[in-house]
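Take a look at the letters that make up each chain.
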Amino acid sequence: MTKLIAAAFTAAALFIGTNVNAQTTPKSAWRFGIGLEGLAPVGDLHNVSNIGLGGTARLQYGVADNLALTLTSGYYNFFGKEAGNTGINYDDLGIVPLKAGIKAFVSQNVYLSGEVGAGFETNEGGNTKLLASPGIGWANQSWDIGARYENFSGQNNSYGTIGLRIAYGFGL
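Rules and cut-offs
- As a convention, each chain's residues are numbered from 1 in the sequence order in which they are written.
- Totals for whole chains, interfaces and linings use every residue, but because this is a predicted model, local features are given only for residues with pLDDT of at least 70 and side-chain atom pairs only at 80 or more, for both listing and counting.
- Note that water and hydrogens are dropped before the side-chain values are worked out from all heavy atoms of the structure.
- Helix and strand labels come from DSSP, where a helix needs a run of H or I of at least four residues and a strand needs a run of E of at least two; each type is numbered from the N terminus.
- Partly exposed describes any residue whose relative accessible area lies between the buried limit of under 20% and the exposed limit of over 50%, with all areas from a 1.4 Å probe on protein chains only and scaled to the type maximum.
- Between two residues, a contact is recorded if the distance between any of their heavy atoms is within 4.5 Å.
- Methods summary: accessible areas were calculated by the Shrake-Rupley approach with a probe of 1.4 Å, and residue burial reflects only the protein chains presented.
- Note on aromatic pairs: the rings of Phe, Tyr and Trp (six-membered ring only in Trp) are paired at centre separations within 6.5 Å, and the planes decide the class, stacked below 30 degrees, edge-to-face beyond 60, tilted for the rest.
- Whether a charge lies above a ring is judged from NZ of Lys or CZ of Arg, which has to be within 6 Å of the ring centre and within 35 degrees of the ring normal.
- At least two DSSP bridges between two strands are required for those strands to pair.
- Here the axes come from fitting lines to C-alpha atoms, over the contacting stretch only for helices, and the angles between their N-to-C directions go from 0 to 180 degrees.
- Here a patch means residues that are over 30% exposed by relative accessible area and free of salt bridges, tied together within 9 Å if like-charged and within 5 Å if nonpolar (Val, Leu, Ile, Met, Phe, Trp, Tyr).
- Whenever Lys or Arg places a side-chain nitrogen within 4 Å of a carboxyl oxygen from Asp or Glu, that contact is recorded as a salt bridge.
- As a per-residue quantity, pLDDT reports the predictor's confidence and falls between 0 and 100.

## Quick word on the overall build of the protein chain
The secondary structure content of the protein chain amounts to 1 helix and 8 strands. Taken from the N to the C terminus, the helices and strands of the protein chain come in the order α-β-β-β-β-β-β-β-β. Within the protein chain, the proportion of its 172 residues that are buried is 42%. The contacts in the protein chain between residues at least 6 apart in sequence include a share of 57% that link residues at least 24 apart. Accessible surface for the protein chain amounts to roughly 8500 Å². Of this, 64% is attributable to carbon and sulfur atoms.

## Quick word on the packing of aromatic side chains
Per the stated rule, a full pass over the model turns up 6 aromatic pairs. Stacked on the ring of Tyr111, the Lys or Arg Lys103 has its end atom at 4.4 Å from the ring centre.

## Structural notes on the sheet that holds strand S8 (residues 159-171)
On the basis of which strands lie adjacent, the closed barrel formed by 8 strands has the order S1-S2-S3-S4-S5-S6-S7-S8 and antiparallel pairing. Averaged over all adjacent pairs, the angle separating strand axes in this sheet is 25 degrees, with direction ignored. Where strand S5 (residues 110-121) meets strand S6 (residues 128-139), 11 bridges bridge the pair, whose relative direction is antiparallel. From the neighbouring strand, Leu112 faces S6, where its bridge partner is Ile136.

## Overview of a nonpolar patch on the surface
On the surface, a nonpolar cluster with roughly 910 Å² of combined accessible area is contributed by Trp30, Trp138, Trp143, Ile145, Leu164, Ile166, Tyr168, Phe170 and Leu172. Broken down by element, the residue count for the nonpolar patch peaks at 4 residues, all from S8. Classification of Tyr168 by relative accessible area gives partly exposed; the value is 42%.

## Re the confidence of the model for the protein chain
Taken as a whole, the protein chain shows an average pLDDT of 88; of its residues, 85% reach a score of 70 or greater. This stretch, residues 12-22, has a pLDDT under 50; its non-local contacts, to residues over four places away or in other chains, come to 26 contacts.

## As for the pattern of salt bridges
Summed over all chains, the structure comprises 8 salt bridges. Note that Glu37 is salt-bridged to Arg165, the shortest N-O span being 3.5 Å. Separated by 128 residues along the polypeptide, Glu37 in strand S1 (residues 30-43) and Arg165 in strand S8 bring together distant segments of the chain. Among the residues examined, Glu37 registers a relative accessible area of 2% and is labelled buried. According to the relative accessible area criterion, Arg165 is buried, its value standing at 5%. Glu115 serves as the salt-bridge partner of Lys99, at 3.1 Å between the closest nitrogen and oxygen. Of this pair, Lys99 sits in strand S4 (residues 93-107) while Glu115 sits in strand S5, and the two are 16 residues apart along the sequence.

## As for the pairing of strand S7 (residues 143-153)
Here S6 runs beside S7; their pairing, made up of 8 bridges, is antiparallel. Across the sheet, Leu130 pairs through a bridge with Ser153, a residue of S7. Hairpin connection, S6 to S7: the antiparallel pair is bridged by 3 residues. As defined by bridge partners, S7 adjoins S8 across 10 bridges and the pair is classed as antiparallel. Paired with Arg148 across the two strands is Gly163, which belongs to S8. Between S7 and the antiparallel strand that follows it, S8, lie 5 residues; Gly154 among them carries a positive phi value of about 145 degrees.

Structure representation (C-alpha cells):
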C-alpha cells in the first residue's frame, strides 16, 4: 500500500508539475540545501523508538521551471526507548538514507515530491532497506520546509517514519 501511495504522489507531482510555473530552481540551475530532520517513528519502528533526529544534504537540479530532480543523503538517529518497564533501553538505530527524487511545484512555492533509494542501517548486522518517500512542502529562495512519509522495507521487516525537514538552501 505504501508503494502505491508513493507512486501516486510521484505521478501526481509529474502530471500537475508540468502545468504550473513557480519554483525556486529555475531550469538548468543547481541548488544545494542543508536540513535538520525531525522524525516520528511509525509501525514496527515505534515499538523501539519514540523519536528520531537527523541531518541531510540535498542537491537539486531544475529540469523545467516547475520541476526539479533531487539527490538527498545524510544521517538519521532513532533514539531507543525503554523496553516495557524493565529499565533497559533498546539500542539507538542509525540509518544513512540515499535517495533520488523529483519535486514538482503545483502552485507558488508549494511542491509535491517523491523519492526512492536505499536506507543503510549502521548498527552491527544492519540491513539495507528499500526506501520510498512521498511528500509535500513549501520552498522559497532560501528556505525549504517539507513533510513526508518514509517507508523502509526489506528482509521481512518494514517500518516507517513521518518526517519534517527544515532546510536552508542556496544556488550554486
